[in-house]
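One letter stands for each residue in the lines below.
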Amino acid sequence: MNWIFEPWPWYVSGPLIAFTMFLLLFMGRQFGMSSNLRTMCSMCGADKKADFFNFDWRAQQWNLLVLLGAVIGGFIAHFYLSDDPTTVAISSETVQDLNNLGFESAGKAYLPTELFSTNVFSEPLTLFVLLIGGILIGFGARYAGGCTSGHAISGLSNLQLPSLIAVIGFFIGGLVMIHFLYPLIF
């Protein structure tokens, strides 16, 4: 069972993702996690307040199972299939780069404690940045017609030009944020 504790190489995980995408395309489905938010809002009655949520959410129930599976799979992997569930194996160069940006928890925690600890609730600037970032990510995912997983996995598998443009935009936005905006904010 030691093989399951290590990251799987691209030649195993890549074909598994491709096979999953083939099955989804064969069944006429499109993968994306952000669409689950729309489905859940519609299930809770948001269709009575906004036309955007007025659609047959029952046709999207299968995608909610993908979301549930991701949550359960993450829980199992974290608590039962990790040698040390508190750290992530990243290269020493990446740890040094992150340390230079102020992330002292790099290589010691899955999420940077500088942003995702309970201390953020006592620091107004960090709380404000996380709030604005969340709003922008939500707006951006909706404006782009999907999130990174939907465009990068499903859209590119369908050879959709808008998905290619969106994925390029996601990467450019991430690079601009970490190399230019983050040092200005913090």
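Notes on the structure follow. (Residues numbered from 1 in each chain as written. Predicted model: local features only at pLDDT ≥ 70, side-chain atom pairs only at ≥ 80, totals over all residues. Heavy atoms only, no water.)

## Points about the packing of helix H7 (residues 148–157) against helix H8 (residues 161–185)
Working step 1: Two elements in contact, H7 and H8, have axes separated by 9 Å at closest approach and are oriented at 140°. Between H7 and H8, the crossing angle belongs to the class labelled oblique. The element H7 and its partner H8 pack so that their crossing is left-handed. From H7, Thr-148, His-151, Ala-152, Gly-155 and Leu-156 reach across to H8, where they touch Pro-162, Ser-163, Leu-164, Ala-166, Val-167 and Phe-170.
Working step 2: Looking at the contact of H7 with H8, its residues break down into 7 nonpolar, 4 polar and no charged. (Axes fitted to C-alpha atoms, helices over the stretch in contact; angles between N-to-C directions. Helix = DSSP H or I, 4+ residues; strand = E, 2+ residues; numbered from the N terminus. Parallel < 35°, antiparallel > 145°, perpendicular 65-115°, else oblique. Left-handed = near helix turned anticlockwise from the far one by under 90°. Contact = heavy atoms within 4.5 Å. Nonpolar A, V, L, I, M, F, W, Y, C, P; charged D, E, K, R; others polar.)

## Some words on the side chain of Ser-154
Working step 1: Position of Ser-154 among the secondary structure elements: in helix H7.
Working step 2: If near-sequence neighbours (up to four positions away) are discounted, Ser-154 is found in contact with Met-21, Gln-30, Phe-31 and Ser-149.

## Describing the environment of Ser-82
Working step 1: Within the secondary structure layout, Ser-82 lies in the loop between helix H3 (61–80) and helix H4 (92–100).
Working step 2: In the structure, Ser-82 is positioned 99 residues away from Leu-181 in sequence and 34 Å away in space, judged by C-alpha atoms.
Working step 3: With near-sequence residues (within four places) excluded, Ser-82 lies in contact with Phe-5 and Ala-77.

## Let's talk about the packing of helix H1 (residues 10–26) against H7
Pairs of packed helices are described in terms of their axes, by the angle between the two and the distance that separates them.
Working step 1: Two elements in contact, H1 and H7, have axes whose closest approach is 10 Å; the angle formed by their N-to-C orientations is 60°. Both H1 and H7 take part in a crossing whose hand is right-handed. Facing H1, whose interface residues are Ile-17, Met-21 and Leu-25, H7 presents Ile-153, Ser-154 and Ser-157.
Working step 2: The residue inventory of the contact of H1 with H7, partitioned by class, reads 4 nonpolar, 2 polar and no charged.

## Description of the pattern of salt bridges
A side chain of one charge can pair with a side chain of the opposite charge when the charged atoms of the two come close.
Working step 1: For the structure on display, the rule yields 1 salt bridge.
Working step 2: Among the ionic pairs, Asp-47 bridges to Lys-48, the shortest N-O distance being 3.9 Å.
Working step 3: Asp-47 gets classed as partly exposed once you look at its relative accessible area, which sits at 25%. (Salt bridge = Lys/Arg side-chain N within 4 Å of Asp/Glu carboxyl O. Buried < 20%, exposed > 50% of the residue type's maximum accessible area, 1.4 Å probe, protein only.)

## Some thoughts on the packing of aromatic side chains
Working step 1: The tally for this structure, following the rule as stated, stands at 6 aromatic pairs.
Working step 2: Taking 5.6 Å as the distance between ring centres and 15° as the angle between the ring planes, the aromatic pair formed by Phe-139 and Tyr-143 counts as stacked. Of this pair, Phe-139 and Tyr-143 both sit in helix H6 (residues 124–143), separated by 4 residues, roughly a single helical turn.
Working step 3: The exposed category is assigned to Phe-139, whose relative accessible area is 54%.
Working step 4: On the basis of relative accessibility, which here comes to 69%, the residue Tyr-143 falls in the exposed class.
Working step 5: The residue whose ring lies beneath Arg-38 is Phe-52, and the NZ or CZ to ring-centre distance is 4.3 Å.
Working step 6: Directly above the aromatic system of Phe-55 lies the positively charged group of Arg-38, at a separation of 4.2 Å from the ring centroid. (Phe/Tyr/Trp six-rings, centres within 6.5 Å; stacked < 30°, edge-to-face > 60°. Lys NZ or Arg CZ within 6 Å of the ring centre and 35° of its normal.)

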